[in-house]
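Below are the chains, spelled out letter by letter.
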Amino acid sequence: MTKEELDKAFQAAYEKASATTVALPQDIQLLLYAYYKQGNHKSKLIPLENIKENDLRSAFKYNALIQIKGLSAIEAKKEYIKLVAQHIP
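Note that the structure is a prediction, hence the values are computed from the model and not measured.

## Focus on the nonpolar core
And step 1. Formed by 16 residues in total, the largest nonpolar core has its most connected members in L32, Y35, Y80 and V84.
And step 2. When contributions to this core are tallied by element, the ones reaching two or more residues are α1 (3-19), α2 (26-39), α3 (56-67) and α4 (73-87).

## Things to note about the packing of aromatic side chains
By convention here, two paired aromatic rings are described through the distance between centres and the angle between planes.
And step 1. On inspection of all chains with the given rule, the structure shows 4 aromatic pairs.
And step 2. Relative to Y80, the ring of Y36 lies with its centre 5.9 Å away and its plane at 50 degrees, an arrangement referred to as tilted. On the criterion of sequence distance, the pair formed by Y36 in helix α2 and Y80 in helix α4 is long-range, its members being 44 residues apart.
And step 3. What makes Y36 partly exposed here is its relative accessible area of 25%.
And step 4. Classification of Y80 by relative accessible area gives buried; the value is 4%.
And step 5. Counting every residue linked through ring pairs, the aromatic cluster contains F10, Y14, Y36 and Y80.

## Observations concerning the environment of Y36
And step 1. Expressed as a C-alpha distance, the spacing of Y36 and A73, which sit 37 residues apart in the sequence, is 8.9 Å.
And step 2. Apart from the residues lying within four places of it in its own chain, the contact partners of Y36 are F10, Y14 and Y80.

## Concerning the packing of α2 against α4
And step 1. At a closest axis distance of 8 Å, the pairing of α2 and α4 adopts a crossing angle of 150 degrees. Note on packing geometry: the crossing formed by α2 with α4 is left-handed. Residues I28, L31, L32, Y35, Y36, Q38 and G39 of α2 pack against A73, A76, K77, E79, Y80, L83, V84 and H87 of α4.
And step 2. Along the lines of polarity and charge, the residues of the contact of α2 with α4 split into 10 nonpolar, 3 polar and 2 charged.

Cut-offs and rules
Residues numbered from 1 in each chain as written. Predicted model: local features only at pLDDT ≥ 70, side-chain atom pairs only at ≥ 80, totals over all residues. Heavy atoms only, no water. Core = buried A, V, L, I, M, F, W, Y, C linked by side-chain atoms within 4.5 Å. Buried < 20%, exposed > 50% of the residue type's maximum accessible area, 1.4 Å probe, protein only. Helix = DSSP H or I, 4+ residues; strand = E, 2+ residues; numbered from the N terminus. Phe/Tyr/Trp six-rings, centres within 6.5 Å; stacked < 30°, edge-to-face > 60°. Contact = heavy atoms within 4.5 Å. Axes fitted to C-alpha atoms, helices over the stretch in contact; angles between N-to-C directions. Left-handed = near helix turned anticlockwise from the far one by under 90°. Nonpolar A, V, L, I, M, F, W, Y, C, P; charged D, E, K, R; others polar.

What follows is the structure, given as structure tokens:
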């Protein structure tokens, strides 16, 4: 798959995921979030100490990004596309 084909498939998967009415489990939602951010080179981690004590949402997002740290943007896009195909009809 060429870079252009991958980018088109990634964008199509993003549009499909954004438009879905399927209630996805939270762990899948977090993986989609992390793969999307990593695929777009936007996965900058905020310092852990900047997450407020009761801000569970940000803590879970942070954890999801940590789990895929080191994954290339290309691999993140491929994983995102696979995850969308598996969970969204």
